[in-house]
Amino acid sequence: MARSVREVFDESEAAGRLRVPVAAWRWATGSGLVPAADVGPGRWSRAVVEAADPEAVRAALRGIEAGVAADRLTEALGVPLPILRPRVTASAVGHLVKAGLLVYLGGEPRFPVIHPDQVAALARRRDLPALLDRHVPLGPEQGRGASGRAT
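Residues numbered from 1 in each chain as written. Predicted model: local features only at pLDDT ≥ 70, side-chain atom pairs only at ≥ 80, totals over all residues. Heavy atoms only, no water.

Colleague: An account of the side chain of Ser45 is requested, with residue identities and associated values reported.
Modeller: Tracing the backbone through its elements, the reader meets Ser45 in strand 2 (residues 44-45). Overall, Ser45 belongs to the buried group, its relative accessible area being 16%. (Helix = DSSP H or I, 4+ residues; strand = E, 2+ residues; numbered from the N terminus. Buried < 20%, exposed > 50% of the residue type's maximum accessible area, 1.4 Å probe, protein only.)

Here it is as structure tokens:
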């Protein structure tokens, strides 16, 4: 019986074909090292997968935990923090991933592992406070006025 040749790969199949971690494939596609999915959402053609350099994909991967990323983004906001500006939290980083501003490499989706270069690029953006306001919901203490009642 003839073995069929796979023509379309999802992210885990592509990573398996190259023998790299799925997180490395995610970063390679998220950073442009490997072309975006060309067959459909989250699906790559055999030509794209086979053209990828496994060593380059593996070497490009570096990840940091959401808490470390949150500290770096908080630091970027300035010291002391602007009035009424809360510290960035690890869960806020999860919201930034969900908004498509950071690439999810792995870990728990609410507290993801992400690439430090991407965090550094986001931290340099002048509109970082506006991005946080737009994509990160207020915590319980931030939605309260001075009286402690919801505003």
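Colleague: Go over the packing of helix 5 (residues 66-77) against helix 7 (residues 116-123), please, and point to the residues and values.
Modeller: The contact between helix 5 and helix 7 brings their axes to 9 Å, and the two run at 20°. Comparing the axis directions of helix 5 and helix 7 gives the class roughly parallel. Crossing hand, helix 5 versus helix 7: right-handed. Here helix 5 contributes Ala69, Arg72, Leu73 and Ala76 to the contact with helix 7, which in turn contributes Pro116, Val119, Leu122 and Ala123. For the contact of helix 5 with helix 7, the residue count by class is seven nonpolar, no polar and one charged. (Axes fitted to C-alpha atoms, helices over the stretch in contact; angles between N-to-C directions. Parallel < 35°, antiparallel > 145°, perpendicular 65-115°, else oblique. Left-handed = near helix turned anticlockwise from the far one by under 90°. Contact = heavy atoms within 4.5 Å. Nonpolar A, V, L, I, M, F, W, Y, C, P; charged D, E, K, R; others polar.)

Colleague: How would you explain the pattern of salt bridges if you had to name every residue and give the values?
Modeller: Tallying each qualifying case throughout the model produces eight salt bridges. In this structure, the salt-bridge partner of Glu50 is Arg17, at a minimum N-O distance of 2.7 Å. Highlighted residues: Glu50 in helix 3 (residues 46-51) and Arg17 in helix 1 (residues 11-18), separated in sequence by 33 residues. What makes Arg17 partly exposed here is its relative accessible area of 42%. Residues Arg125 and Asp127 are paired through a salt bridge, measuring 2.9 Å at the closest nitrogen-oxygen approach. With a relative accessible area of 31%, Asp127 lands in the partly exposed category. Among the charged side chains, a network of salt bridges with common partners joins Arg17, Arg46 and Glu50. (Salt bridge = Lys/Arg side-chain N within 4 Å of Asp/Glu carboxyl O.)

Colleague: Tell me what's going on with helix 5, and back it up with residues and numbers.
Modeller: Under the 1.5 Å per step criterion, the end-to-end length of helix 5 is 17 Å for 12 residues, consistent within 8% with the ideal 16 Å. All of the buried residues in helix 5 are Ala66, Ala69, Ala70, Leu73, Thr74 and Leu77. Summarising the axial view, the buried residues of helix 5 lie within an arc of 135°, below the 170-degree limit, and thus occupy one face. (Expected span 1.5 Å × (residues − 1). Arc of directions from axis to C-beta.)

Colleague: Break down the packing of aromatic side chains for me, with residues and values.
Modeller: For the structure shown, the criterion picks out one aromatic pair. For the ring pair Trp25 and Trp44, a centre distance of 5.3 Å and an interplane angle of 85° mean the geometry is edge-to-face. Placement of the pair is Trp25 in helix 2 (residues 22-31) and Trp44 in strand 2, with a sequence separation of 19 residues. Between Arg6 and the ring centre of Phe9, over which it is positioned, the NZ or CZ distance is 5.9 Å. (Phe/Tyr/Trp six-rings, centres within 6.5 Å; stacked < 30°, edge-to-face > 60°. Lys NZ or Arg CZ within 6 Å of the ring centre and 35° of its normal.)

Colleague: So what's going on with the packing of helix 5 against helix 8 (residues 128-135)? Which residues, and what values?
Modeller: The geometry of helix 5 relative to helix 8 is characterised by a closest axis approach of 10 Å and an angle of 125° between their N-to-C directions. Here helix 8 runs oblique to helix 5, going by the angle between their axes. From helix 5, Leu73, Ala76 and Leu77 reach across to helix 8, where they touch Leu128, Pro129 and Leu132. Its residues assigned to classes, the contact of helix 5 with helix 8 comprises six nonpolar, no polar and no charged.

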